[in-house]
Amino acid sequence: MNPKILIIGACGQIGSELTYKLRALYGEEKVIASDISYSNIDIVNSGIFEIVDAQDYAAIKICVEKHRINTIYLMAAILSATGEKYPMKAWDLNMNSLFHVLNLAKAKFIKKVFWPSSIAVYGTTTPKENTPQYTVMEPSTVYGITKQVGERWCEYYHNKYGVDVRSLRYPGIISWKTLPGGGTTDYAIEIYHKAITEKKYECFLNENTELPMMFMDDAIKATVDIMSAKDEDVKIRSSYNLAGISFTPKEQAESIKHQISDFTITYKPDFRQDIADSWPKSIDDSCAREDWNWKHDFSLEQITKEMLTQLGEKYKKA
Ligand code: AKB
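As a starting point, this report considers the structure included with it. Bear in mind that the values here come from a model prediction, so they are computed numbers and not experimental data. Residue numbering note: each chain is counted from 1, following its sequence as written. The model is predicted, so local features are restricted to residues of pLDDT at least 70 and side-chain atom pairs to those at 80 or more, both for listing and for counting; the totals for chains, interfaces and linings are taken over all residues. For side-chain calculations, the full set of non-hydrogen atoms in the structure is used, while hydrogens and water are omitted.

1. What about the overall build of the chain?
Line of reasoning, step 1. Helix numbering and strand numbering both begin at the N terminus, where a helix is a DSSP run of H or I of at least 4 residues and a strand a DSSP run of E of at least 2. Helix and strand content of the chain: 12 helices and 14 strands.
Line of reasoning, step 2. What the globule rule says is 2.2 Å times the number of residues to the power 0.38, and the radius of gyration is computed from C-alpha atoms. The C-alpha atoms of the chain give 19 Å as radius of gyration, which agrees with the globular expectation for 318 residues (20 Å, within 12%).
Line of reasoning, step 3. To sort residues, take the accessible area from a 1.4 Å probe on protein chains only and compare it with the maximum for the residue type: under 20% means buried, over 50% means exposed, and anything in between is partly exposed. Taking all 318 residues of the chain together, the buried fraction comes to 55%.
Line of reasoning, step 4. A sequence separation of at least 24 residues applies to 78% of the contacts in the chain between residues at least 6 apart.
Line of reasoning, step 5. With residues, only the protein chains shown are counted as cover, and all accessible areas are computed by Shrake-Rupley using a 1.4 Å probe. Carbon and sulfur atoms form 50% of the exposed surface of the chain, whose accessible area is close to 13,700 Å².
Line of reasoning, step 6. His is not counted here, nor are the chain ends, while Lys and Arg score as positive and Asp and Glu score as negative. To locate a charge, the coordinates of NZ of Lys, CZ of Arg, CG of Asp or CD of Glu are taken. A gap of 5 Å separates the mean positions of the 38 positive and 42 negative side-chain charges of the chain. By the convention used here, residues are in contact when the closest approach between their heavy atoms is within 4.5 Å.

2. With respect to the pattern of salt bridges
Line of reasoning, step 1. Definition used for salt bridges: Asp or Glu carboxyl oxygen within 4 Å of a side-chain nitrogen of Lys or Arg. Taken as a whole, this structure holds 17 salt bridges when the rule is applied.
Line of reasoning, step 2. Between Lys-177 and Glu-17 there is a salt bridge, with its nearest N and O atoms 3.9 Å apart. Of the two residues, Lys-177 sits in the loop between strand 9 (172–174) and helix 7 (187–197) while Glu-17 sits in helix 1 (residues 13–26), which places them 160 residues apart along the sequence.
Line of reasoning, step 3. Residue class for Lys-177 comes out partly exposed when judged on its relative accessible area of 38%.
Line of reasoning, step 4. With relative accessibility at 9%, the residue Glu-17 sits in the buried group.
Line of reasoning, step 5. Residue Glu-50 pairs with Lys-66 through a salt bridge whose shortest N-O separation is 2.7 Å. With Glu-50 in strand 3 (residues 49–51) and Lys-66 in helix 3 (residues 57–67), this pair connects stretches of sequence that are 16 residues apart.
Line of reasoning, step 6. By relative accessible area, which is 17% here, Glu-50 ends up buried.

3. Observations concerning the environment of Asn-130
Line of reasoning, step 1. Within the element layout of this structure, Asn-130 appears in the loop between strand 6 (117–118) and helix 6 (142–161).
Line of reasoning, step 2. Separated by 151 residues in the primary sequence, Asn-130 and Lys-281 have C-alpha atoms spaced 7.4 Å apart.
Line of reasoning, step 3. The residues contacting Asn-130, other than those within four sequence positions of it, are Ser-282, Ile-283 and Asp-284.

4. Some thoughts on the side chain of Arg-237
Line of reasoning, step 1. Considering the arrangement of structural elements, one finds Arg-237 in the loop between helix 8 (216–228) and strand 12 (240–241).
Line of reasoning, step 2. A 3.5 Å cut-off defines polar contacts: any pair of N or O atoms within that distance qualifies, except that in protein one atom must be a possible hydrogen donor and the other a possible acceptor, and neighbouring residues in sequence count only when both atoms are side-chain atoms. At a separation of 3.2 Å, a polar atom in the side chain of Arg-237 contacts the main-chain carbonyl oxygen of Val-165.

5. Thoughts on the environment of Leu-6
Line of reasoning, step 1. With respect to the helices, strands and loops of the structure, Leu-6 is situated in strand 1 (residues 5–8).
Line of reasoning, step 2. Residue Leu-6 is classed as buried on the basis of its relative accessible area of 0%.
Line of reasoning, step 3. Residues Leu-6 and His-67 lie 61 residues apart in sequence; the distance between their C-alpha atoms is 8.6 Å.
Line of reasoning, step 4. Leu-6 has contacts with Ile-32, Ser-34, Ile-60, Cys-63, Val-64, Ile-69, Thr-71, Ile-72 and Tyr-73, leaving out every residue within four places of it along the chain.

6. Re the packing of helix 1 against helix 8
Line of reasoning, step 1. Between the N-to-C directions of two axes lies an angle of 0 to 180 degrees, each axis being a line fitted to C-alpha atoms and, for a helix, fitted only over the stretch in contact. The interhelical angle for the contact between helix 1 and helix 8, taken along N-to-C directions, is 60°, at an axis separation of 10 Å. Between helix 1 and helix 8, the angle is such that the two are oblique. As for the relative orientation of helix 1 and helix 8, their crossing is right-handed in sense. Taken together, the residues of helix 8 that come into contact with helix 1 (itself represented by Gln-13, Ile-14, Glu-17, Leu-18, Lys-21, Leu-22 and Leu-25) are Met-216, Ile-220, Thr-223 and Val-224.
Line of reasoning, step 2. Amino acids outside the nonpolar list (Ala, Val, Leu, Ile, Met, Phe, Trp, Tyr, Cys, Pro) and the charged list (Asp, Glu, Lys, Arg) are all regarded as polar, and Gly is one of them. Broken down by class, the residue content of the contact of helix 1 with helix 8 amounts to seven nonpolar, two polar and two charged. Here roughly perpendicular refers to angles of 65 to 115 degrees, roughly parallel to angles under 35, roughly antiparallel to angles over 145, and oblique to all remaining angles. By convention, the crossing between two helices is left-handed when the near helix turns anticlockwise from the far helix through less than a right angle, and right-handed when the turn is clockwise.

7. Focus on the site of the ligand
Line of reasoning, step 1. Here a residue is near a molecule or strand as soon as one of its heavy atoms is found within 4 Å of it. Taken together, Leu-79, Ser-80, Ser-118, Ile-119, Tyr-143, Gly-183, Thr-184, Thr-185 and Trp-279 are the residues near the ligand.
Line of reasoning, step 2. At 2.6 Å, a side-chain N or O of Ser-80 approaches an oxygen atom of the ligand.
Line of reasoning, step 3. Contact between the ligand and Thr-184: an oxygen atom at 2.7 Å from a main-chain N or O atom of the residue.
Line of reasoning, step 4. Against a free-state accessible area of 260 Å², the protein chains account for coverage of 93% of the ligand.
Line of reasoning, step 5. Buried and open spaces are told apart on a 1 Å grid over the protein atoms alone, a cavity being a set of points where a 1.4 Å probe fits but cannot get out and a pocket being an open set with protein on both sides within 12 Å along at least five of seven lines. Residues with an atom within 4 Å of a point are the lining residues. A molecule is counted as occupying a cavity or pocket when more than half of its atoms fall within 2 Å of that pocket's grid points. Judged by its atoms lying within 2 Å of the grid points, the ligand is housed in the largest pocket.
Line of reasoning, step 6. Among the residues making up the shell around the ligand, the classes are represented as four nonpolar, five polar and no charged.

8. What about a nonpolar patch on the surface?
Line of reasoning, step 1. The patch calculation keeps residues exceeding 30% relative accessible area without a salt bridge and links them within 9 Å when they carry like charges or within 5 Å when they are nonpolar (Val, Leu, Ile, Met, Phe, Trp, Tyr). Among the surface-exposed residues, Met-88, Trp-91 and Ile-145 lie close enough to one another that they form a single nonpolar patch of about 290 Å² accessible area.
Line of reasoning, step 2. Position of Trp-91 among the secondary structure elements: in helix 5 (residues 87–106).

9. A look at the sheet that holds strand 11 (residues 211–215)
Line of reasoning, step 1. Strand order across the open sheet formed by three strands is 9-11-13, with mixed pairing between neighbours. With partners counted over all chains shown, the strands left at the sheet margins are strand 9 and strand 13 (245–247), one partner each. Ignoring which end each strand starts from, the neighbouring axes of this sheet average 45° apart.
Line of reasoning, step 2. Pairing between strand 11 and strand 13: three bridges, direction antiparallel. Of the residues in strand 13, the one forming a bridge with Met-213 is Ile-245. One requirement defines pairing of two strands: DSSP has to find at least two bridges between them.

As far as function goes, none of this settles anything; it's purely spatial.
This is how it looks when you write it as structure tokens:
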């Protein structure tokens, strides 16, 4: 199948980079970017862009029919930290948008769906080290609950209605092009911005909070790989564990100091500490590695080098 793609939530951190990558792979006219507002002017100006509210079934359907879309990447979501401030908003956006897209696939308006899940599906009762694909899942955040419930629905729509839905449990994603919004892992990006602009950073998690993380290039590669994998190789239709590396804020600060020797970090944990404490420290992603040959590339040192170089140039130009 030649993909004709709609990205919902294309202005966000992952949606924007996915838009650039998919356009490079399939051609500009094959990838329609959409979001609820014109919040990322680079994306708006980079090709075909439509205003689409992810909670409006009719609006998504009109866009699908207008552009003869067969594949949707649903990247719109309220993340963990913002979800705790606006629980019902998070529930409504994260669940309604998923049902709309799954129902479009069930009704055969589209053929394929990508929907991101997260390490937030896990909770305090989950084994923390090398967390297995199948284990106890008792998420304690609204975001985590929506992702866990969403996974169940993805699997249900696949088993009951034959919907080709594919999903990954993203760890914290580190990138320099578009800022993240409202996640617990956002500190791991802010730290690089502050290292360049102020040479110091006050971290909202404590120094030994170890979390699973990944560079954006790896996350995009995983997304493209699972979507282009053969149908029979995608054996898990809830969501795949996905891992890159794991580190603490202290370890990340050390890696920054290798390049900016006078960088300093202080710690002032806030409400996000409880969220981070409920998540795994590291992830066993052997199912993804076995089923569709997933492999990450970027180490912490490589991420730090790339982030400081790219952001350094960005701030120089600004
Ligand atoms: C968040 O921190 O909420 C997200 C995630 C891990 O899904 N980055």
